Amino acid sequence: MRNVPKPAAPLISAISAISVVSALVLTCAGCATGPTESASAPSGAPRTPDAKATAAEKEAEVSTVYAPYVDATEASDLDDAGSAAAYQLAFVIADGDACEPAWNGTTPLGDRAVKSRVAALTESGASVRVSFGGASGTELADACDDADDLADAYGAALDAAGATAADFDVEGDALKDSDAVDLRSEAIARLQRDRPGLTVSFTLPVMPSGLDDDALALLHSANDASVEVSTVNIMTMNYASSYDGDMGDYAERAARATHRQVRDVFGTSPGTAWRALALTSMLGVNDVENETFTLEDAAQVREFAEEKGIAWVSMWATFRDRECGDGARDALTDCSGVEQEDGAFAEAFSG
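From a predicted model like this one, the values you see are computed outputs, not experimental measurements.

Calculation rules
- Residues numbered from 1 in each chain as written.
- Predicted model: local features only at pLDDT ≥ 70, side-chain atom pairs only at ≥ 80, totals over all residues.
- Heavy atoms only, no water.
- Salt bridge = Lys/Arg side-chain N within 4 Å of Asp/Glu carboxyl O.
- Helix = DSSP H or I, 4+ residues; strand = E, 2+ residues; numbered from the N terminus.
- Buried < 20%, exposed > 50% of the residue type's maximum accessible area, 1.4 Å probe, protein only.
- Phe/Tyr/Trp six-rings, centres within 6.5 Å; stacked < 30°, edge-to-face > 60°.
- Disulfide = S-S within 2.5 Å.
- Core = buried A, V, L, I, M, F, W, Y, C linked by side-chain atoms within 4.5 Å.
- Contact = heavy atoms within 4.5 Å.

Visitor: Looking at this structure, I do not really get the pattern of salt bridges. What am I missing?
Guide: Oppositely charged side chains are able to pair whenever their charged atoms sit close together. Summed over all chains, the structure comprises 10 salt bridges. In this structure, D148 and R190 form a salt bridge, with 3.3 Å as the shortest nitrogen-oxygen distance. Here D148, found in helix α5 (residues 147–161), pairs with R190, found in helix α7 (residues 178–194); they are 42 residues apart in sequence, far enough to count as distant. Overall, D148 belongs to the partly exposed group, its relative accessible area being 39%. Given the relative accessible area of 17%, R190 is considered buried.

Following this line, the structure appears as structure tokens:
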């Protein structure tokens, strides 16, 4: 997802508010990469065996939740639109080229404005997740040379936000850097050993045909390093100008394709794989020609997510959830570029 020219949208999403998702762990060190059809898992396979996961799925009554991206330092009067169970606070990246985490690469972790933002966002009972990476700046895995130092950097950001959930938005050149991918996996595994209960999601670019080879390699790397992956969050956006069809339909196609890939990588049941997916949309217009995600698309994605039992739906971002005008002029940074009421996308994604 893009880092916006205004204080980039720091994000935090909360898995702790999503009890069923917190219970599911996809990763299994050394497990087979083929899909598992039966409940009996091979030795060394998922810490949450499919038999238990299937039972949990049958008992699960938790619906898909809404977990939007928000700005970390600047409040929006649209933050509380809809019924958010969690907020994604992004992004934490490196301060310059140093192995030093900062909000959007410029704001210190201990900034009082960020602390106030987190307190306000969680006052209603919602939780927060720190998102590391994004489309701009230097990802910490590219700035840190040592897995222990990288884990410490991630941990410092989590502590600053008081979060027990971490998201890793890996895209662009960072996704193609296999050394950084493996270093990140090693650091996250160490972080989880030091912080029992830390939930981890990966936010990845996707096409209607599914994840590309680089994204799949990242998931395999995490699996090989024994990272416990709770959620794969796909960015259903930025396909190409040639994709000039219905954005809601493309989101469904991308989700179905990724579902098959998640089953293949982690060898898990269909229900567990659906519950381990999340969908993030770019509301309104995009900088890719022919891409406009409408309110009807949002309602379609919400309905599909509920039908499949997908963990959460999200959008970029709360501060864009209004019609352009009255001071909001840039459809890529502070408004949607489509006709709407304030907060309408939040309401559609909340269901």
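On we go.
Visitor: What should I look at first to understand the packing of aromatic side chains in this one?
Guide: Aromatic ring pairs are defined here through the distance separating the ring centres and the angle between the ring planes. A complete count under the given rule lists 13 aromatic pairs for this structure. In textbook terms, an aromatic cluster arises when at least three aromatic residues are bridged by ring pairs, as seen for Y69, F91, W316 and F319.

Visitor: Whenever I open this one, the state of the cysteines confuses me. Can you help?
Guide: Disulfide: a covalent bond formed between the sulfur atoms of two cysteine residues. Inspection of every chain in the model, using the stated rule, returns two disulfides. The disulfide partner of C99 is C144, and the S-S distance across this bridge is 1.9 Å. In this structure the cystine formed by C99 and C144 twists about its S-S bond by roughly 90°; its chirality is therefore right-handed. Remark: C144 occurs in the loop between α4 (140–143) and α5 and C99 occurs in the loop between β3 (86–94) and β4 (101–103); sequence separation between them is 45 residues. By relative accessible area, C99 is classed as partly exposed at 29%. In this structure C144 comes out as buried when scored by relative accessible area, which is 2%.

Visitor: Sorry, what's going on with the nonpolar core here?
Guide: It is characteristic of soluble globular proteins that their nonpolar side chains tend to be buried jointly. In terms of nonpolar packing, the biggest core is built from 88 residues, with F132, Y154, F202 and L204 touching the most fellow members. Broken down by element, the residue count for this core peaks at nine residues, all from α5. Among residues more than four places away in sequence, those in contact with L204 are V170, L175, L211, A215, L218, L219, V232, N233, I234 and M235. Of all hydrophobic cores here, the second largest spans 11 residues; its members include Y69, F91, M235 and A317.

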